[in-house]
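Single-letter residue listing:
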Amino acid sequence: MDEYALLIAITNTATLCTGGAVALLSYRAFKRTGSQALRALAIGFGCIVLGAVGGAIAHLYGGNVGLGVAIQSAFTAGGFTILLYSLYAETTTTTTVTIRRSDETERSGD
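Notes on the structure in this doc start here. Nothing here was measured: the structure is a model prediction, and the numbers come from that model.

**Quick word on the packing of helix 1 (residues 5–33) against helix 2 (residues 36–62)**
Contact geometry for helix 1 and helix 2: axes closest at 8 Å, N-to-C directions at 160°. Comparing their axes, helix 2 and helix 1 come out roughly antiparallel. The crossing of helix 1 and helix 2 is left-handed. Looking at side-chain class alone, the contact of helix 1 with helix 2 contains 17 nonpolar, 9 polar and 1 charged residues.

**A look at helix 3 (residues 65–88)**
In this model helix 3 runs 35 Å from its N-terminal to its C-terminal C-alpha over 24 residues, within 8% of the 34 Å that 1.5 Å per residue would give. Turning to helix 3, its buried residues number three or more, namely Gly68, Gly79, Leu83 and Ser86. Considering only its buried residues, helix 3 is in contact with helix 2.

**Considering the side chain of Asn12**
Note that Asn12 resides in helix 1. The class for Asn12 is buried, based on a relative accessible area of 9%. For Asn12, the side chain forms a polar contact with the side chain of Gln72, separated by 3.2 Å. Residues in contact with Asn12, not counting those within four places in the same chain, are Ala52, Ala56 and Gln72.

**Here's the deal with the packing of aromatic side chains**
A full pass over the atoms with the stated rule returns 1 aromatic pair. Their ring planes at 45° and their centres at 6.2 Å tell us that Tyr27 and Phe30 sit as a pair that is tilted. Pair noted here: Tyr27 and Phe30 are both in helix 1, with a separation of 3 residues, about one helical turn.

What counts and what doesn't
- Residues numbered from 1 in each chain as written.
- Predicted model: local features only at pLDDT ≥ 70, side-chain atom pairs only at ≥ 80, totals over all residues.
- Heavy atoms only, no water.
- Axes fitted to C-alpha atoms, helices over the stretch in contact; angles between N-to-C directions.
- Helix = DSSP H or I, 4+ residues; strand = E, 2+ residues; numbered from the N terminus.
- Parallel < 35°, antiparallel > 145°, perpendicular 65-115°, else oblique.
- Left-handed = near helix turned anticlockwise from the far one by under 90°.
- Nonpolar A, V, L, I, M, F, W, Y, C, P; charged D, E, K, R; others polar.
- Expected span 1.5 Å × (residues − 1).
- Buried < 20%, exposed > 50% of the residue type's maximum accessible area, 1.4 Å probe, protein only.
- Contact = heavy atoms within 4.5 Å.
- Polar contact = N/O pair within 3.5 Å; in protein donor to acceptor, adjacent residues only side chain to side chain.
- Phe/Tyr/Trp six-rings, centres within 6.5 Å; stacked < 30°, edge-to-face > 60°.

Note that every value here comes from positions in space, so none of it alone points to a role or purpose.
Spelled out as C-alpha cells, the structure:
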C-alpha cells in the first residue's frame, strides 16, 4: 500500500455514503412520482457509487492504483452523462383529482 491508501479509503467511503443516500432518495422519489428524470438521476448516482466501489476493490485487492483510478473515472464519467440526461429528460406528471359533490337531497337546518 502507498501513502495515499488511507485518503483513498476515506474519500471512497464518503462517496459511497453520500452518493448512495442521494441514489436511494432519488429512487424513492421516482417510485412515488413515476418521473423518468428521477429514475435517470438514481441510475446516474448509482453508477458513480458503483465506480467508487469498483475502484476501491481494484486498488485494495488488485494492488493496482492506476486500474482503480481508471475504473472509478470511467464509471464517474458514465454517471455524469446519465445525470446530464436526467436534466433534459421530459417529465410528464399525472395528477388525479377527486371531486366530491355534496348530496343535494340533504336537508339543512333540521
